[in-house]
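# Examination of the molecular architecture
Residue strings, one per chain:
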Amino acid sequence: MTHQAPTQPPQEGAGSAHLLYSEQEEDLRAAVRALLADRCPPETVLAHAEGGRAYDTALWQALGAEMGTAGLLVPEQLGGAGGSAREAAVVLEELGRAVSPVPYLTSAVIATQALLSCVGAMADANTDSGEQPRAAAETAADAEVAVELLAALASGERVGVLAVPLSSAPGSASAVTVRADAHAALTGQIAGVADALAADVLLVPADGPDGVGLYAVETSAPKAARLRLDPSTPLDLTRTLARISLDAMSARRVAGPGGAEAAIARALLTGAGLLASEQLGLAEWCLTQTVRYTKERHQFGRPVGSFQALKHRMAALWLDLVSARAAARAAADALATGDRDAPVAVAVAQAHTARVAVRAAQECVQLHGGIGMTWEHPAHLYLKRAKSDEIALGTPGRHQEVLARLIDLPAPTG
Amino acid sequence: MSAKNTAVEAAEPSPGPIAAAEPSGSPADGAEPPPGPIDAAELRRRVAQLLAAYDPATTARADFLRAQFDAGLAWVHYPAGLGGLGAPRALQGVVTAELDAAGAPDNDPRRIGIGLGMAAPTILRYGTKDQQRRLLRPLWTGDEVWCQLFSEPGAGSDLAALATRAVYVPAAHPSEGHSADDAERAGGFGATARERGEPGEHGEPGEEAPRSGEWVIDGQKVWTSSAHVARWGILIARTDPDLPKHRGISYFICDMTDPGVEVRPLRQITGEAEFNEVFLTGVRIPDSHRLGAPGEGWRVAQTTLMNERVAIGGGSVPREHGMIGVAARTWRERPDLRTHDLHQRLLRLWVEAEAARYAGERLGQQLAIGQPGPEGSAMKLAFARLHQEVSGLEVELLGDEGLTYDDWTMRRPELVDFTGREAGYRYLRAKGNSIEGGTSEVLLNIIAERVLGLPPEPRTDKDAAWKDLPR
Ligand SMILES: Cc1cc2nc3c(=O)[nH]c(=O)nc-3n(C[C@H](O)[C@H](O)[C@H](O)COP(=O)(O)OP(=O)(O)OC[C@H]3O[C@@H](n4cnc5c(N)ncnc54)[C@H](O)[C@@H]3O)c2cc1C
């Protein structure tokens, strides 16, 4: 499947973002929504959560591989669908709306973006005359692995996961907790990694002989006994978490010093920016369901939605969504066009949309009354996803701190 | 607070002065009447006596609690003979402090919140002497757990719309009263029951003819917390569908061991099933298990609900009691988690919690001098909001740990603990605080209409016969 890129505005910085949905994006949305309506209704999500599986493999096959959404961020010549972050954002809106248990954000966005950066680093190195021949050869070898993995991820055949804690925020360096020896054997632990249990390939940041590198670990490799994944019980029933333990586990390097850090930073920035779209879709579901329910539910001889106290609450939520949608679109567009304002747009989208999603889910529970407190009703799946997403890829507070630096509103000193 | 209760209706007339929940002052017979006024010194003397006779170190917990009840030291403001001494309510703190210092067991109020906070004051006000004698002691000691059979699928905030039916069946031989079977099921408060009347409102307890016959109950209740461990349930049911909805309701004490009572767990967002669906099919309740006059159930229920709010509001608790204390502890213990943003937000919530604590203390002082204010409803609202905000902040503060949950296993807990377990559980459980016991929206309506005197919403459902209402 190929997607034409939307008409792209000039890359000028703040104020020029293209914030509407293109026709192709709406078509993509309709296709994804139809698939999810059919394959991922709330009952299925709940049953999945109770079944304790890592993710919905059949749904992932249909969505990622058959529909081709796994490769949206990847250019066609690298085996992808040649779309952009704008389209990936639309997919995430729908996945948020359905709280789907698939590794789209982790594999098709974050890990894919990390690998794209690794491949990009090679392109840069080729034109960089200053690099030593040996280093250039190593970079080329790294990139070859990255290209191979990228194609596998883009096709939806394999799931890749960047092995960092889900709470990692872009723009604030997180500690590297794994060591790599000269033969690229990895030792160490990383806790709280989302979808690690779903991964065929883990991209592990590790301290190597000459600095931080990014290493690919095959979870089904013969030496897999040297790799342990301990699941932890997640608050969000639709996204698994695990601790990764490596003990001299063999790996292949996909990026060396400099390149690895840039790849991780870029991956987290893209992840955080597009997570806002997932949060937007989630919040929209909460409002739509709440409006529907309060129109139907009668107390005191009238629909409870006819009480102004509730009407105003839902109207206020709608207002929040207006700005959340614009902020999420701005982040997706900035990422798609490579705008240098992207870090600001991402921080704004995260700081704002994360809170809107939590508020929407909380209001959804509250305005449903007792039924909203039950396991049977899907509202809790959204509440748990929204609350976890608030922490994922940086809390709103963290994003505000990043923003303070970016826009020069420093914290008081002393 | 006691665990939870059910809806309160916004637009109904005030259920009467809060002071009506105070003791009637007429000691039940069989009790040792206090020799003089009961003050703090007298209470300390009696606690010392109790401790001398029943050393907490060597006395079984249940025995100690029963002895405490019999000594009138359970709830000192209740009448003598019913666990109290007719003393001012505020003096209970003296007893509790003395007993705590001596290492005496408590009656685990979290496990029996509905009994203590809701059933007991209602039984005290509307119960017959036999009902009071039979029920209050095991209620207080925790030997018998209570649940509240109020909410229904179609009647939550609009509780008065309830559809569970109660149909009266006269006894075959009315003059003989109950069969021995009934008397046994009634646990000894059946055959000789007499209406007590309503102290304070209708003068002295009136005499009523011996009650006979029984009620047959059919319907469904929902969100019934603790039904799976309860011995008794306070139940409201429709006894006259031809009357407007508030007028055809009666109030009963339902024996949860009746074969017609079926309790099915209802799992909630925390993973546990604290509440239940309760199906009532041909449940037979002797007329002696009725509380208040037939058709007066709505008024009796208002006492139940009002008392819960008093119980929430009238407390004096130490600084950092409850959820804010939990979050403050996490903050102090985990410097690694601190950020400027969280710091400011925590401080703001701390201030709000402290102000709410003063408000609770002030309400308690008002109650103690017999000037109850309407602040009771405000306390529940503040409590719900603070619980939710503070627990939400704590999850965020914990970051990586906030992304995890301790255990989703389906369980049927015996007690409700808002501040127990881990942050994720506290966050999810707190969501119920603004729904259980009357939603925050409904409580705000009550404040707007009853406290501020704002005009009510126009209503079409109040005066029509219940059977003619659209459903
Ligand atoms: C954890 C928990 C424990 C409970 N335990 C018990 C128990 O032990 N026994 C028992 O009997 N019940 C119990 N309940 C039930 C509880 O009392 C009801 O859920 C509550 O009264 C709300 O009723 P509902 O669920 O039908 O919601 P609804 O009444 O349908 O309310 C839906 C929404 O409409 C709003 N609304 C309704 N009317 C108005 C209005 N006039 N103005 C503005 N907004 C309005 C509500 O605030 C709510 O947001 C429990 C509930 C919970 C969550």
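These numbers were taken from a predicted model, which means no experiment stands behind them.

## Here's the deal with the site of the ligand
The local shell around the ligand holds 31 residues, among which A:R297, B:S157, B:W223, B:T439 and B:E441 are the closest. Residues within reach of the ligand are spread across chains A and B. Note that an oxygen atom of the ligand is positioned 2.9 Å from one of the backbone N or O atoms of A:Q366. Bound to the protein, the ligand loses 99% of the 970 Å² it would expose on its own. Only α9 (342–368) of chain A together with α12 (440–451) of chain B provide two or more residues apiece to the shell around the ligand. The class makeup of the residues in the shell around the ligand is 11 nonpolar, 15 polar and 5 charged. Looking at the shell around the ligand, you find at least three residues from each of domain 1 (138–307) and domain 2 (312–451) of chain B.

## Points about the pairing of strand β7 (residues 241–250) of chain A
All names here are of chain A. Pairing geometry for strand β3 (residues 185–194) and β7, over 7 bridges, is antiparallel. Within β7, the residue paired with L186 across the bridge is M249. Note that strand β6 (residues 227–232) and β7 share 6 bridges and pair antiparallel. Within the sheet, the bridge partner assigned to L227 lies in β7 and is L246.

## Some thoughts on the UniProt feature "domain: Acyl-CoA dehydrogenase/oxidase N-terminal" (unreviewed entry) in chain B
Cross-referencing UniProt, the feature "domain: Acyl-CoA dehydrogenase/oxidase N-terminal" (unreviewed entry) maps to residues 44–143 of chain B in the present numbering. Taken end to end, residues 44–143 of chain B has its terminal C-alpha atoms 26 Å apart, with 57% of it in helix and 0% in strand.

## Remarks on the nonpolar core
Grouped together as the largest cluster of nonpolar side chains are 164 residues, with contacts concentrated most on A:Y104, A:L186, A:L203 and A:L214. Considering every element that reaches this core, the biggest residue donor is helix α7 (residues 259–296) of chain A, with 16 residues. Two domains each provide a minimum of three residues to this core, namely domain 1 (138–307) and domain 2 (312–451) of chain B. Those residues in contact with A:Y104 that lie beyond four places of it in its chain are A:W60, A:L63, A:T69, A:A70, A:L72, A:A88, A:V91, A:L92, A:L95 and A:V109. In this structure, B:L136, B:I217, B:M256 and B:V261 belong to the second largest nonpolar core, which totals 55 residues.

## Some words on the UniProt feature "domain: Acyl-CoA dehydrogenase/oxidase C-terminal" (unreviewed entry) in chain A
As annotated by UniProt and renumbered to match this structure, "domain: Acyl-CoA dehydrogenase/oxidase C-terminal" (unreviewed entry) occupies residues 263–405 of chain A. Each end of residues 263–405 of chain A is marked by a C-alpha atom, and these two atoms are 21 Å apart; helix forms 80% of the span and strand 3%.

The rules behind each value
Residues numbered from 1 in each chain as written. Chains lettered and ligands numbered in written order. Predicted model: local features only at pLDDT ≥ 70, side-chain atom pairs only at ≥ 80, totals over all residues. Heavy atoms only, no water. Near = heavy atom within 4 Å. Polar contact = N/O pair within 3.5 Å; in protein donor to acceptor, adjacent residues only side chain to side chain. Areas by Shrake-Rupley, 256 points an atom, 1.4 Å probe, with all protein chains shown as cover. Helix = DSSP H or I, 4+ residues; strand = E, 2+ residues; numbered from the N terminus. Nonpolar A, V, L, I, M, F, W, Y, C, P; charged D, E, K, R; others polar. Domains from an automatic or database assignment. Pairing = 2+ DSSP bridges. UniProt positions renumbered as here; feature names shortened; annotations may be inferred. Core = buried A, V, L, I, M, F, W, Y, C linked by side-chain atoms within 4.5 Å. Buried < 20%, exposed > 50% of the residue type's maximum accessible area, 1.4 Å probe, protein only. Contact = heavy atoms within 4.5 Å.

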